[in-house]
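# Coordinates in review
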Amino acid sequence: MPPRIGCSLLLSVVFCLFSSVDCRFHTLDHIRPKASDKAQGRAVVELLKRLLGDRSTEFMVSVNRSLSNDSLDVCELRSSKNNKIVAVGSSGVAVASGIYNYLKYFCNCHISWSGSQLDLPRPLPKLSGVLRINTPHRFRYYQNVCTFSYSSVWWNWPRWEQEIDWMALNGINLPLAFTGQEALWQEVYRALGLNQSEIEDFFSGPAFLAWNRMGNMFKFGGPLPQSWHVNQLHLQFNILERMRSFGMIPVLPAFSGNIPKEILRLYPEANVTRLGPWAHFNCSFSCSYILDPRDPLFLQIGSLYLSQVVKQFGTDHIYNTDTFNEMTPPSSDPTYLSAVSRSVFASMTAVDPQAIWLMQGWLFFSDAAFWKPAQIQALLHGVPLGRMIVLDLFAETEPIFSYTESFYGQPFIWCMLHNFGGNSGFFGTVESINSGPFKALHFPNSTMVGIGMTPEGIEQNPVMYELMSELAWRKEPVNLSKWVSLYAVRRYGSTQETLTAAWRLLFASVYNCTVPHYRNHNHSPLVRRPSFHMNPGLWYDPADLYKAWKLIIDAAPSLMSKETFRYDLVDVTRQVLQVLTTSFYKDITDAFQKQKLPELLTAGGVLVYDLLPELNRLLSSDRNFLLGTWLEQARSLALDEKEAQLYDMNARNQLTLWGPSGEILDYASKEWGGLMEDYYAQRWGLFVHMLVECLESGQPFKQETFNQAVFQVERGFVYNSRKYPTKPQGDTYEIVYRIFLKYYPQALKRL
């Protein structure tokens with residue numbers, strides 16, 4: 001008898017190692033949608049009404065969670081006798097993404113941040129047999145703690161509703177839900193005994209809250225008005241209700257130890273560390289106060305806060321907090337690091353015994369010198385295995401799971417970060433994301449439980465997010481050339497070969513960065529403070545971009561009524577002018593170094609007086625590229641002029657100086673109409689003007705002198721109070737065609 005028991009035990013262990021990771025993470029079994037099957041079905045019906053209007057009645061929708069026997073989402077679609085599509089799924093998200101799959105691949109439809117193409121055939125195409133779509137990934141995660149500041153900071157409910165619809169259609173079931181948390185912190189701090197001015201000195205302004213939450217900075221851009229708290233709390237209630245109605249699991253905030261310094265007035269004995277400066281900020285806005293997780297006060301504050309969160313927001317048992325994000329811990333002793341994570345987790349389980357801690361794995365990459373294997377393992381093992389989920393945040397470029405034995409046994413989610421700061425500019429790593437998640441799933445003893453998208457800013461490069469979300473439902477990598485050809489057809493509702501050819505060129509070049517360790521910050525001189533020390537190198541051959549540009553322009557006359565096409569026409573032309581700016585920059589610096597004044601005047605003159613104004617006109621012709629919209633959204637949240645000015649300053653400063661004196665200058669750069677004219681073009685004008693003066697007077701160019709002068713331009717923009725258009729102006733096709741006639745021959749000559 002004993003040998004047989006041993007054998008079956010061995011077999012079950014072997015089975016665990018070679019089957020889905022879920023058997024090792026039975027601790028995640030309680031993570032389930034709260035809404036009933038009926039409620040989730042209703043949510044999808046309402047989504048289809050918003051999306052398709054009257055045609056939504058051609059879909060019959062139902063949710064039946066017993067369709068999945070292993071907690072992995074599945075959707076089955078078939079045609080009924082009366083020409084309707086019947087969709088049954090294990091969750092609302094499964095049904096919504098199953099229907100979107102049908103809309104994409106049977107109806108050639110497309111839905112994105114930059115417009116939708118929904119010319120549905122009549123009647124709907126029939127399905128022969130059952131179309132079954134399922135996912136090998138328990139979780140499909142979305143958002144980055146920074147996205148709330150870089151993209152959604154000024155959103156109202158209609159914009160949030162649109163985003164949650166997009167999430168459901170793209171299969172997201174684990175979204176971050178961080179809105180409104182300061183309102184609860186305010187209550188906690190009051191309960192602890194802080195006064196209002198002490199609380200106001202702690203929170204940063206709306207556009208910088210992400211870094212206040214992570215303990216990087218405080219106060220700058222504040223104080224937060226009370227109307228802000230009320231508005232955000234109201235939004236969060238709507239956001240959570242809608243997310244849950246689809247069967248999503250919203251991730252809520254927890255305490256990391258970041259505290260207002262005045263806590264020391266109330267608890268002078270508390271074990272608090274003052275950190276050093278963050279980024280290039282001084283200690284007036286950074287050098288945060290961090291409460292040691294081992295101090296009893298940590299458990300008190302952490303559980304006080306989380307009980308508020310659960311009371312106000314309900315819970316789905318997954319909480320995010322990040323200790324040591326871009327901050328070096330005070331000790332590298334593994335015992336200390338284990339004690340830290342144990343204490344953080346204890347502050348969660350004190351309130352919710354079923355808590356799961358979701359942590360961004362960014363710190364292991366950003367401070368790799370500190371986080372060696374022993375330190376990583378210590379931090380991760382302070383929490384019972386299976387009670388933490390680590391986001392491998394930048395896995396398409398810097399996969400951490402591969403050198404930590406799958407995060408030493410903790411479940412992880414393979415994420416594509418893709419975009420830093422919400423920058424404009426084409427970028428992608430299509431080969432890496434097409435193969436990476438499958439490699440991670442088949443990694444020895446893989447603990448992967450999901451796939452995610454963690455951009456710092458959204459509403460750019462829609463093709464990358466469509467591909468990434470679709471890969472969550474695939475069993476193997478796609479044929480990239482074929483996939484992007486079909487993408488072009490459905491994005492424009494057109495089968496023109498020129499468009500598929502253009503997209504194949506883009507996918508093989510600008511969207512396929514293979515440079516090791518490349519970080520997608522927009523390095524173009526166009527959006528950087530001018531100097532002689534720029535590194536504008538490209539990871540692709542611009543000839544491919546120019547060819548694609550010509551092909552798209554050739555197809556333009558018959559497609560200008562499609563918003564998706566107009567957006568891409570503007571975007572590809574913008575990218576071309578961005579690349580050409582680098583050429584003119586090289587001409588300018590070359591002419592200056594060789595002391596050739598006529599050449600300097602020519603290159604500088606074309607850039608400042610023609611190319612940049614043309615780019616501004618181009619961007620101003622499309623509603624998706626307007627500075628005015630961003631500023632109007634910010635001001636619209638204000639109750640009075642004082643609040644409006646505060647929000648306006650926040651909105652402008654984040655895009656430009658990012659701090660009072662340019663501490664993180666141009667990190668969140670955007671190529672938008674209005675910003676191009678009053679910010680980027682002004683800086684280039686000043687740079688060229690100063691270089692001309694230097695040549696004429698025989699003086700050397702001093703970068704420091706220029707920096708002081710250009711700072712006045714930059715700061716002037718932040719406070720200029722100018723109103724910018726919120727409606728597009730000019731004819732996009734005319735503007736593009738004029739730019740093409742002028743600059744296409746030049747572009748080819750410069751290859």
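Residues numbered from 1 in each chain as written. Predicted model: local features only at pLDDT ≥ 70, side-chain atom pairs only at ≥ 80, totals over all residues. Heavy atoms only, no water.

For clarity, the threshold we go by: UniProt positions are given in the numbering used here, feature names are shortened, and annotations may be inferred rather than shown by experiment.
Naming follows an unreviewed UniProt entry, where the chain appears as Alpha-N-acetylglucosaminidase of Channa argus. If you open the UniProt record of the chain and go to Catalytic activity (unreviewed entry), you find "Hydrolysis of terminal non-reducing N-acetyl-D-glucosamine residues in N-acetyl-alpha-D-glucosaminides." Annotation of the chain in UniProt includes, under Sequence similarities (unreviewed entry), the sentence "Belongs to the glycosyl hydrolase 89 family."

### Side note on the overall build of the chain
To keep it simple, the criterion reads: Numbering of helices and strands starts at the N terminus; helices are DSSP runs of H or I of at least 4 residues and strands are runs of E of at least 2. Here the globule rule is a power law, 2.2 Å times the number of residues to the power 0.38, and the radius of gyration is based on C-alpha atoms. The contact rule is simple, with two residues in contact once any of their heavy atoms fall within 4.5 Å. Accessible surface is estimated by sampling points in the Shrake-Rupley manner with a 1.4 Å probe; for residues, cover comes only from the protein chains shown. Charged-residue counts in this description rest on Lys and Arg as positive and Asp and Glu as negative, His and the chain ends being excluded. Working definition for charges: the position is that of NZ of Lys, CZ of Arg, CG of Asp or CD of Glu.
The secondary structure content of the chain amounts to 27 helices and 17 strands. The C-alpha atoms of the chain give 27 Å as radius of gyration, which agrees with the globular expectation for 751 residues (27 Å, within 12%). Referenced to the eigenvectors of the C-alpha coordinate spread, the extents of the chain come out at roughly 95 × 75 × 55 Å. When contacts within the chain are restricted to residue pairs at least 6 apart in sequence, long-range pairs at least 24 apart make up 77% of them. Summed over all atoms, the accessible surface of the chain reaches about 27900 Å², with 55% contributed by carbon and sulfur. Side-chain charges of the chain comprise 67 positive and 68 negative groups, with the mean position of each set lying 5 Å from the other.

### Quick look at the UniProt feature "domain: Alpha-N-acetylglucosaminidase tim-barrel" (unreviewed entry) in the chain
Here the UniProt-annotated "domain: Alpha-N-acetylglucosaminidase tim-barrel" (unreviewed entry) positions come out as residues 140-475. In the segment residues 140-475, helix accounts for 41% and strand for 12%; the C-alpha atoms at its two ends are 15 Å apart.

### Brief notes about unusual backbone geometry
Most peptide bonds adopt trans geometry, and most residues besides glycine take a negative phi value. Going by this rule: Exposure classes here rest on a 1.4 Å probe applied to the protein chains alone. A residue is buried below 20% of its type maximum, exposed above 50%, and partly exposed in between.
Note that the residue after R122, namely P123, is joined by a cis bond; omega there is -5°. In this structure, P123 sits in the loop between β5 (115-117) and β6 (131-134). Here the residue pair G222 and P223 is connected by a cis peptide bond, since its omega of 0° sits within 30 degrees of zero. Its identity as a non-glycine residue notwithstanding, S71 has a phi of 65°, on the positive side. Looking at the secondary structure, you find S71 in the loop between β1 (59-63) and β2 (74-79). With a phi angle near 60°, S721 is a residue other than glycine that sits in the positive phi range. Summarising the element assignment, S721 is placed in the loop between α26 (703-718) and α27 (732-749). With a relative accessible area of 57%, S721 lands in the exposed category.

### Quick notes on the side chain of E58
Note that E58 resides in the loop between α2 (37-52) and β1. On the basis of relative accessibility, which here comes to 17%, the residue E58 falls in the buried class. Setting aside residues no more than four positions away along its own chain, E58 makes contact with K84, I85, R122 and L124.

### Points about helix α3 (residues 92-107)
Keep this limit in mind: Multiplying 1.5 Å by the residue count of a helix minus one yields the expected span of that helix.
In this model, α3 (16 residues) spans 21 Å end to end at C-alpha, consistent with the 22 Å of a helix rising 1.5 Å per residue. Within α3, 14 of the 16 residues are buried, leaving the element largely enclosed by the surrounding structure. One or two positions beyond α3, positive phi appears at N108, with a value near 55°.

### With respect to the sheet that holds strand β7 (residues 139-142)
Let me state the cut-off plainly: Whether two strands pair comes down to DSSP finding at least two bridges between them.
Taken together, eight strands build an open sheet; the order of strands is β8-β7-β17-β16-β15-β14-β13-β9 and the sheet is parallel. On the outer flanks of this sheet lie β8 (174-175) and β9 (252-253), each paired with one strand and no other.

### Re the sheet that holds β6
Basically, it comes down to this: For helices, the fitted line uses only the C-alpha atoms of the stretch in contact; every axis is such a line through C-alpha atoms, and the angle between N-to-C directions lies from 0 to 180 degrees.
In spatial order, the strands read β1-β3-β2-β6; together these four strands make up an open sheet with mixed pairing. The open sheet terminates on both sides in strands that have one partner only, identified here as β1 and β6. Taking each pair of neighbouring strands and ignoring which way they run, the sheet shows an average axis angle of 15°.

### Digging into the UniProt feature "domain: Alpha-N-acetylglucosaminidase C-terminal" (unreviewed entry) in the chain
Under the UniProt annotation, "domain: Alpha-N-acetylglucosaminidase C-terminal" (unreviewed entry) lies at residues 483-741. From the first C-alpha to the last, residues 483-741 spans 32 Å; its make-up is 63% helix and 0% strand.

### Points about the packing of helix α12 (residues 334-349) against helix α14 (residues 373-381)
Defined as follows: By definition in this entry, angles of less than 35 degrees are roughly parallel, angles greater than 145 are roughly antiparallel, angles of 65 to 115 are roughly perpendicular, and the rest are oblique. Here is the rule for handedness: rotate from the far helix to the near one, and if that takes an anticlockwise turn smaller than a right angle the crossing is left-handed, while a clockwise turn gives right-handed. Note on residue classes: Ala, Val, Leu, Ile, Met, Phe, Trp, Tyr, Cys and Pro are nonpolar, Asp, Glu, Lys and Arg are charged, and everything else, Gly too, is polar.
Here α12 crosses α14 at 30°, and the two axes come no closer than 7 Å. Taken together, the axes of α12 and α14 are roughly parallel relative to one another. Pair α12 / α14 crosses with right-handed handedness. Across the interface between the two elements, P334, L337, S338 and S341 from α12 touch A374, Q375, A378 and L379 from α14. Classifying every residue of the contact of α12 with α14 gives five nonpolar, three polar and no charged.

### Overview of the state of the cysteines
Disulfides are covalent bonds that connect the sulfur atoms of two cysteines. Applied cut-off: When two cysteine sulfur atoms lie within 2.5 Å, the pair is treated as a disulfide.
Per the counting criterion, the structure on display carries one disulfide. One disulfide in the model links C283 with C287; its S-S distance is 1.8 Å. Judged by the torsion about the S-S bond (-65°), the C283/C287 disulfide is left-handed. According to the relative accessible area criterion, C283 is partly exposed, its value standing at 38%. As a non-bridged cysteine, C415 has C146 as the owner of its nearest cysteine sulfur, 13 Å distant. Looking at C415, the relative accessible area reads 0%, which means it is buried. Between C513, a free cysteine, and C415, which holds the nearest cysteine sulfur, the sulfur-to-sulfur gap is 19 Å.

### As for the side chain of Q186
Inspection of the secondary structure assignment puts Q186 in helix α6 (residues 181-192). On the accessibility criterion, Q186 (3% relative accessible area) is buried. Those residues within four positions of Q186 in sequence are excluded, and the remaining contacts are Q196, I199, F203, Q226 and H229.

### Some words on the pairing of strand β3 (residues 85-89)
Most of β3 is tucked away, with four of its five residues classed as buried. Bridge count for β2 against β3 is five bridges, and the pairing is antiparallel. Opposite L77, over in β3, you have A87 as the bridge partner. The loop that links β2 with its antiparallel partner β3 comprises five residues; one of these, N83, has a positive phi angle of about 65°.

### Overview of the environment of A603
Residue position: A603 is located in helix α22 (residues 597-619). The exposure class of A603 is buried, given its relative accessible area of 7%. The spatial distance from the C-alpha of A603 to the C-alpha of P530 is 15 Å, given a sequence separation of 73 residues. With residues near it in sequence (within four places) discarded, A603 still touches F584, D587 and I588.

### Some thoughts on the confidence of the model for the chain
It should be kept in mind that the predicted coordinates are not to be read in detail where pLDDT is low. Quick note on the threshold: Every residue carries a pLDDT, the predictor's confidence in it, which falls somewhere between 0 and 100.
In the predicted model, the chain carries a mean pLDDT of 95, and 97% of its residues have values of at least 70. This stretch, residues 1-24, has a pLDDT under 50; its non-local contacts, to residues over four places away or in other chains, come to 13 contacts.

### Observations concerning the environment of R122
Among the secondary structure elements, R122 is positioned in the loop between β5 and β6. Considering only alpha carbons, one finds R122 and L77, 45 residues apart in sequence, at a separation of 18 Å. Not counting residues within four places of it along the chain, the set of residues in contact with R122 comprises R55 and E58.

### Comments concerning the pairing of β1
Burial along β1 is one-sided: the face carrying F59, V61 and V63 is buried and the face carrying M60 and S62 is not. Relative to β3, β1 runs parallel, the two sharing five bridges. Of the residues in β3, the one forming a bridge with S62 is V88.

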